[in-house]
Amino acid sequence: QVQLVESGGGLVQTGGSLRLSCVASGRAVSTYTMAWFRQAPGKEREFVAGISWSTYHADSVKGRFTISRDNAKNTVYLQMNSLKPEDTAVYYCAGRERRTITKSDSAYDVWGQGTQVTVSS
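What counts and what doesn't
- Residues numbered from 1 in each chain as written.
- Predicted model: local features only at pLDDT ≥ 70, side-chain atom pairs only at ≥ 80, totals over all residues.
- Heavy atoms only, no water.
- Pairing = 2+ DSSP bridges.
- Helix = DSSP H or I, 4+ residues; strand = E, 2+ residues; numbered from the N terminus.
- Axes fitted to C-alpha atoms, helices over the stretch in contact; angles between N-to-C directions.
- Disulfide = S-S within 2.5 Å.
- Contact = heavy atoms within 4.5 Å.
- Polar contact = N/O pair within 3.5 Å; in protein donor to acceptor, adjacent residues only side chain to side chain.

> Please set out the sheet that holds strand 1 (residues 3–7) residue by residue, giving values where relevant.
The four strands are arranged 1-3-8-7 in an open sheet whose pairing can be described as antiparallel. Single-partner strands in this sheet number two, and they are strand 1 and strand 7 (65–70). The mean inter-strand angle of the sheet, taken between neighbouring strand axes irrespective of direction, is 15°. Judged from the six bridges that link them, strand 3 (residues 18–25) and strand 8 (residues 75–80) form a sheet pairing that is antiparallel. Note on strand 8: the bridge partner recorded for R19 is Q79.

See below:
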């Protein structure tokens, strides 16, 4: 059974940086499509970035966030720079068997518990 555990969230000021980590057990991340989603209070969960054979970032974070993968550590990262108050949300790591990146959260089979990111103005 695949399990995903996120960490690295916290409170940061506008313009600051955070790096989120998602450690996988039970499956090699190199064999999965991995993605980060986020959900702000009162809003739907939205796609942030995905990695498979390539990477894809949502327009709202392009140029500020970077998804990457360390196969040796079986970990996926989300480096977040130039953070804005609108980036405040619970961030979730997700994985799916198919090797195509999709923005649809229903297409992902496995989810982590989430980590809170709060950006103060």
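Now that the structure has been shown, the text picks up again.
> Please set out the state of the cysteines residue by residue, giving values where relevant.
Under the definition given, this model contains one disulfide. Residue C22 pairs covalently with C93 via a disulfide, S to S 2.0 Å. Linking C22 and C93, the disulfide has an S-S dihedral of approximately -75° and is accordingly described as left-handed. Of this pair, C22 sits in strand 3 while C93 sits in strand 9 (residues 89–96), and the two are 71 residues apart along the sequence.

> Can you explain the environment of K103? Please cite residues and give values.
Along the chain, K103 falls in the loop between strand 9 and strand 10 (110–111). Remark: the alpha-carbon pair of K103 and V12, spanning 91 residues in sequence, is separated by 26 Å. Filtering out sequence-adjacent residues up to four positions away, K103 remains in contact with F37, F47 and Y56. A polar contact of 3.3 Å, which involves the side chain of K103, links it to the side chain of Y56.

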